[in-house]
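Residue strings, one per chain:
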Amino acid sequence: MYDFYRVAAVVPDVKVADTVYNVGKIKDKLSELDEISPGIVVFPELSITGYTCQDLFFQDSLIKASNEAIEDLLEYSESIERLIAVGAPVRYQDSLYDAAFIIWKGAVLGITVKTMIPEHNEFYEKRWFSSADELDTDMVFLSEVGITVDTDYEVPIGNNIIYKIGNDITIGVEICEDLWAPVPPSTWMSLAGAEIILNLSASNETIAKRDYRKSLVKQVSASCIADYVYVSAGKNESTQDLIFSGHSIIAENGALINENKDFIANDYIMIADIDLGKIKHDRLTNKTFSDTAVLYKDIIANVRSVCLSGNEIPGSDGSYLPISKLPFIPASVNKRLKRCESIFDMQVNALAKRLEITNCKAVIGVSGGMDSTLALLVSAMATKKLGRPMSDLVCLTMPAFGTTERTKNNATRLIEKLGGEVITIDIKEACELHLKAMGHSLDEKDTTYENTQARERTQLLMDYSNMVNGLVVGTGDLSELALGWCTYNGDHMSMYGVNGSIPKTLVRWMIDSVVQNDIFPECNDILLDILDTPISPELLPPDENGNIVQKTEEAVGPYELHDFFLFYMMRYGYTPTKIYHLAKKAFKNDYNDETIKKWMKMFFRRFFSQQYKRSCMPDGVKVGSVSLSPRGDLRMPSDASARIWLDEAEEL
């Protein structure tokens, strides 16, 4: 239902050349998996015999025992509804091949053979094994490779096989060194439709190799837009000249999903839930991927499909799926600081280019809230970068009916500390005149009352920028654009929007990173107080104690929920049902199901109804994978109906 599938990377204990022991350990691990219920199980390269048998591979006794172990495994797996990939040598005619047997419910679906046979280490594989390219057939009867079953049958063999399972899952398999090739077999398998690549490996460990191996798996999963499951032989292989670490890695389109923790490991099971919905969506939207498939269609035509119709790999509930409540923000402090620093640099350099090409000063409205604070910090650094005096940083504070002393003072102090020019223009009287001219009562605190202030501020900024040869820097963020929580032709408008692709949940951490990195050390105490201030447009009068009464999240809902909905809708095209399922897991300790559903419906209503504001949003640099710019990221009609999404959300 959700395109979640559970995979297991399994490294069993092994005794070199003891096939009875090894298949027994493989069966033990399969038994252990009953409670975890993965749909796909991957064992290491040559796990039936052990990888390090060397010249013992030439012994008929070992090959015969290996075949008997495969027969034993086939019988054992008859009642197991899991795809099993296990490594074993295959002798066909006068050659020996390093192979992966793909097994489903007691039957061999196919035999994938290793293509790249290394000759660069102590285990000179070319001494024992031939490449898949040397095979003179693409189909073999099991009896031809020495495997006895009650009724003999023919199976595909080679390096160009993909396995299509009944519930729309396609799997490709490659073996160890294949991954290291400039163009690995997984390239053609992926272009032919394989969404999951399994790699049965036996990679020895050396200094720094673990990190290189991990980066390689992540990179291939990204270039193939696929899930990649890599499983390597454990430490109980022979240590005659090398040591094997049992390194397992599961990556999804460039992202690490899971990795075994021990540097040298053995006898373990590693589990992960993968989300094929992400893969399917990214392949749908990535035209480079589909264009490449067309470009190499003649090669891809050689990829053969094994179709297992009428059978389905069981889906997963996503219990092992890593779900962050804040998908725009890295969980690690170091990664978060580094990402925020990179984003800040992008914002600064983008604005600096615009100021340079227009030969304008930065003009910005500063309220003392987080959005305008981030925009101010970006504008200050861009001014510095251009080598201009800080007096070129023109900052307007425009107090009105809802402005509190706390935000006003923070805005003024911050501008002064940065060395900018402070222009304070009280707009209350102008707004009152405007409202009276329309016959609107000052006692009626409605949308007109609020938007009058927003538009008055924008008018002042635009007009003042004309006076000083300035360019109005927008402060609105991505979350506000998604919800349409901005006044049309008010704070919605600027000459360049530096925060337009920064979600609200990230704005806070952007400012925090400025503090942590001491970019403007003289401002740190002010910035920390701004971070402690409630999010508010400050358009309604404060209470009798001068405190903010209008809190945005009480009106439109928690931004952490809206950013979660936005990310999974825009990044992966998920349905309301799937987003709701993920949100319940991510926020199980924060909101009940009804609250999540309530704000989800609010999100979809506002997202669709407010597109007209995004259709004419100003230029602004894109910094992440989600952006709502009508010029490059979201081509959406302003009069599209939200009915499908709201009906589905209502039924949750």
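Keep in mind that what you see is a predicted model, and the values were worked out from it rather than measured.

About the criteria used
Residues numbered from 1 in each chain as written. Predicted model: local features only at pLDDT ≥ 70, side-chain atom pairs only at ≥ 80, totals over all residues. Heavy atoms only, no water. Helix = DSSP H or I, 4+ residues; strand = E, 2+ residues; numbered from the N terminus. Buried < 20%, exposed > 50% of the residue type's maximum accessible area, 1.4 Å probe, protein only. Contact = heavy atoms within 4.5 Å. Areas by Shrake-Rupley, 256 points an atom, 1.4 Å probe, with all protein chains shown as cover. Pairing = 2+ DSSP bridges. Right-handed = clockwise from strand over helix to strand, strands pointing away. Core = buried A, V, L, I, M, F, W, Y, C linked by side-chain atoms within 4.5 Å. Axes fitted to C-alpha atoms, helices over the stretch in contact; angles between N-to-C directions. Phe/Tyr/Trp six-rings, centres within 6.5 Å; stacked < 30°, edge-to-face > 60°.

Caption draft 1: Region of the structure containing the overall build of the protein chain. Across its full length, the protein chain holds 21 helices and 20 strands. With respect to the principal axes defined by its C-alpha atoms, the protein chain has extents near 100 × 55 × 45 Å. Scored against the burial criterion, the 652 residues of the protein chain give a buried share of 57%. In the protein chain, the share of contacts with a sequence separation of at least 24, taken over all contacts with a separation of at least 6, comes to 73%. When the accessible area of the protein chain is evaluated, it comes to approximately 26800 Å², of which 48% is carbon and sulfur surface.

Caption draft 2: Expanded view of the pairing of strand β9 (residues 169–175). The element β9 is largely enclosed, with a buried count of seven among its seven residues. Both faces of β9 are covered, namely the face carrying Ile169, Ile171, Val173 and Ile175 and the face carrying Thr170, Gly172 and Glu174. Sheet topology places strand β8 (residues 161–165) next to β9; four bridges connect them, and they run antiparallel. Considered in β9, the bridge of Ile162 is made with Gly172. Inspection of the sheet shows β9 paired to strand β10 (residues 196–201) by five bridges, in the parallel sense. The residue of β10 that forms the bridge with Ile175 is Leu200. The parallel pair β9 and β10, bridged by helix α3 (residues 185–191), forms a crossover whose chirality is right-handed.

Caption draft 3: Structural context of unusual backbone geometry. Unlike most non-glycine residues, Ala17 shows phi in positive territory, near 75 degrees. Mapped onto the elements of the fold, Ala17 is located in the loop between β1 (4–11) and α1 (19–32). By relative accessible area, Ala17 is classed as partly exposed at 30%.

Caption draft 4: Geometry of the nonpolar core. Phe565 and Phe607 are the most contacted members of the largest nonpolar core, which has 89 residues in total. Residues in contact with Phe607, not counting those within four places in the same chain, are Ala482, Leu566, Met569, Met570, Arg614, Leu628, Leu634 and Met636.

Caption draft 5: Fine view of the sheet that holds β9. Taken together, the seven strands give an open sheet; going across it, the order is β13-β12-β11-β10-β9-β8-β15, and neighbouring strands pair in mixed fashion. Only two strands of the sheet have a single partner each, and these edge strands are β13 (255–259) and β15 (304–308). Each adjacent strand pair in this sheet contributes to an overall mean axis angle of 20 degrees, direction not counted.

Caption draft 6: Just the sheet that holds strand β6 (residues 139–141), in detail. Taken in spatial order, the eight strands of this open sheet run β6-β7-β5-β4-β3-β2-β1-β14, and their pairing is mixed. Two strands lie at the open edges of the sheet, namely β6 and β14 (268–275), each paired on one side alone. Across the sheet, the mean angle separating the axes of adjacent strands is 30 degrees when strand polarity is ignored. Where β6 lies against strand β7 (residues 154–158), three bridges are found, and the strand directions are antiparallel. Opposite Met139, over in β7, you have Pro156 as the bridge partner. Contacts from helix α5 (residues 276–285) reach β1 and β14 within the one sheet, and its direction differs from that of β14 by about 45 degrees.

Caption draft 7: A look at the packing of aromatic side chains. A complete count under the given rule lists 20 aromatic pairs for this structure. Arranged with centres 5.4 Å apart and planes meeting at 75 degrees, the rings of Phe603 and Phe604 form a pair that is edge-to-face. With relative accessibility at 0%, the residue Phe603 sits in the buried group. With a centroid separation of 4.7 Å and 45 degrees between ring planes, the pair formed by Phe608 and Trp645 is classed as tilted.

Caption draft 8: Region of interest: the pairing of β8. In terms of residue burial, β8 counts as a mostly covered element, since four of its five residues are buried. By the bridge criterion, five bridges tie β8 to β15 in an arrangement that is parallel. Across the sheet, residue Lys164 finds its bridge partner in β15, namely Cys307.

Caption draft 9: Local environment of the side chain of Ser66. Relative to the helices and strands, Ser66 is located in helix α2 (residues 60–76). The exposure class of Ser66 is buried, given its relative accessible area of 0%. Those residues in contact with Ser66 that lie beyond four places of it in its chain are Thr19, Ile48, Thr49, Ala88 and Pro89.

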